[in-house]
Amino acid sequence: MENKTEKMIITILKTIFNSIAVAGVIIFVIGAYYMFIKAGLPYQDPPMELQIEYAVNSKIGDILTIIGSLMTGIAVVVRVAIGIISKSMIKPQG
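Let me sum up the structure you'll find in this document. None of these values were measured; they are calculated from a predicted model. (Residues numbered from 1 in each chain as written. Predicted model: local features only at pLDDT ≥ 70, side-chain atom pairs only at ≥ 80, totals over all residues. Heavy atoms only, no water.)

## Section: a nonpolar patch on the surface
Part 1: The grouping of M8, I9, I12, L13, I16 and I20 at the surface amounts to a nonpolar patch, some 500 Å² of accessible area in total.
Part 2: Position of I20 among the secondary structure elements: in helix α1 (residues 2–39).
Part 3: Using a relative accessible area of 30% as the deciding quantity, one classes I20 as partly exposed. (Patch = residues over 30% accessible without salt bridge, like charges linked within 9 Å, V, L, I, M, F, W, Y side chains within 5 Å. Areas by Shrake-Rupley, 256 points an atom, 1.4 Å probe, with all protein chains shown as cover. Salt bridge = Lys/Arg side-chain N within 4 Å of Asp/Glu carboxyl O. Helix = DSSP H or I, 4+ residues; strand = E, 2+ residues; numbered from the N terminus. Buried < 20%, exposed > 50% of the residue type's maximum accessible area, 1.4 Å probe, protein only.)

## With respect to the packing of aromatic side chains
Part 1: Going through the model one piece at a time under the given rule, you end up with one aromatic pair.
Part 2: Seen in terms of ring centroids, Y33 and Y34 are 5.9 Å apart; in terms of plane orientation they differ by 80°. Their pairing is edge-to-face.
Part 3: In this structure Y33 comes out as partly exposed when scored by relative accessible area, which is 41%. (Phe/Tyr/Trp six-rings, centres within 6.5 Å; stacked < 30°, edge-to-face > 60°.)

## Considering helix α2 (residues 48–89)
Part 1: Under the 1.5 Å per step criterion, the end-to-end length of α2 is 61 Å for 42 residues, consistent within 8% with the ideal 62 Å.
Part 2: When α2 is considered as a whole, its buried residues turn out to be N57, S58, G61, T65, G68, A75, I82, G83 and S86. (Expected span 1.5 Å × (residues − 1).)

## Examining the nonpolar core
Part 1: Core analysis: the biggest nonpolar cluster contains five residues, these being I10, F17, A21, A75 and I82.
Part 2: A total of three residues in this core trace back to one element, the largest contributor, which is α1.
Part 3: With near-sequence residues (within four places) excluded, A75 lies in contact with F17, I20 and A21. (Core = buried A, V, L, I, M, F, W, Y, C linked by side-chain atoms within 4.5 Å. Contact = heavy atoms within 4.5 Å.)

## Focus: the side chain of T65
Part 1: Within the secondary structure layout, T65 lies in helix α2.
Part 2: A polar atom in the side chain of T65 sits 2.9 Å from the backbone oxygen of D62. (Polar contact = N/O pair within 3.5 Å; in protein donor to acceptor, adjacent residues only side chain to side chain.)

In structure tokens:
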């Protein structure tokens, strides 16, 4: 009975960290969109309004790509660690 509970907990943890990794990729893509599409290349001689708009969009893109990268990286590392630990913990019965 204890083995089933352990397997269920490990499966739930794996699912959670898979979801966090996918969310990190989505956040990274949104950040890249802000950096490359919304902000784009800086204008040559823009008015102050466009300078502010570029700075805001560029900073949003920077922050989102960093957060997305960190989320994905940490989730993948933890997911691999859970996989390694679960293989050593759960021995086949027989």
